[in-house]
Amino acid sequence: MTAYDTDNIFARILRGEIPSHTVHEDEDTLVIMDVMPQADGHALVIPKSASRNLLDAEPMALGAAIAVVQRVALASKAAFDADGISIMQFNEAAGGQSVFHLHFHVIPRHDGTPLRAHSGQMEDQDVLTANAEKLRAALAAL
């Protein structure tokens, strides 16, 4: 297995070297808005422990992360009046992974609305700020 790269973008965000739209943080995880969202409210749950993906993660880190994924999914469904939630997690390039630090996508879904492409087009910062606030408020209400 390939070694963990300590300079991947999520490691740099966790160290505070790159800004993010933070929604939630605890001792084990960081939740941020995806800057190239596939739907309004697309958030990322990022474990703080260093692992490339699910295949090399410590079981305790996975447990802590999935508990936060569930809370974010519940909050996201409420905050964005979603009909459903997609949870995505990719492992290695052949599995669709593009950032090699374990993370979970939590994406609110609406009936009949396809996901947008996860392209190089960054979302407007004001939209990300507003969506982060909506999700924070919904998390606080749980």
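Just so you know, these numbers come straight off a predicted model, no measurement behind them.

How should I be thinking about the sheet that holds strand S3 (residues 43–47) in this particular structure?
Picture the strands of a sheet paired through backbone hydrogen bonds; they go either parallel or antiparallel. Spatial ordering of the open sheet is given by S1-S2-S3-S5-S4, a layout of 5 strands whose pairing is antiparallel. Only two strands of the sheet have a single partner each, and these edge strands are strand S1 (22–25) and strand S4 (84–88). Strand-to-strand twist in this sheet, taken as the mean axis angle between neighbours without regard to direction, amounts to 20°. Two strands pair when backbone bridges link them, and S1 and strand S2 (residues 29–33) are joined in this way by 3 bridges, in the antiparallel orientation. For His24, the partnering residue across the bridge sits in S2 and is Val31.

What is the right way to read the nonpolar core from this model?
One recurring pattern in soluble globular proteins: nonpolar side chains tend to sit buried together. If you look at the biggest cluster of nonpolar residues, it comprises 22 residues, and the most contacted ones within it are Val23, Val31, Met33, Val45, Val72 and Leu135. Those elements that place two or more of their residues in this core are S2, S3, helix H2 (59–79), strand S5 (104–109) and helix H3 (125–140). The element contributing the most residues to this core is H2, with 7 residues. With near-sequence residues (within four places) excluded, Met33 lies in contact with His21, Val23, Gly41, His42, Ala43, Leu128, Asn131, Ala132 and Leu135. Judged by nonpolar contacts, the second largest core, of 7 residues, contains Phe10, Leu30, Ile32 and Val99.

I keep staring at the environment of Thr29 and nothing clicks. Help me out?
In this fold, Thr29 is placed in strand S2. We classify Thr29 as buried; its relative accessible area is 1%. Thr29 sits 60 residues away from Gln89 along the chain, and the two C-alpha atoms are 15 Å apart. Setting aside its immediate chain neighbours within four residues, Thr29 contacts His24, Val45, Ile46, Pro47, Lys48, Ala64, Ala65 and Val68.

What counts, and where the lines are drawn
- Residues numbered from 1 in each chain as written.
- Predicted model: local features only at pLDDT ≥ 70, side-chain atom pairs only at ≥ 80, totals over all residues.
- Heavy atoms only, no water.
- Pairing = 2+ DSSP bridges.
- Helix = DSSP H or I, 4+ residues; strand = E, 2+ residues; numbered from the N terminus.
- Axes fitted to C-alpha atoms, helices over the stretch in contact; angles between N-to-C directions.
- Core = buried A, V, L, I, M, F, W, Y, C linked by side-chain atoms within 4.5 Å.
- Buried < 20%, exposed > 50% of the residue type's maximum accessible area, 1.4 Å probe, protein only.
- Contact = heavy atoms within 4.5 Å.

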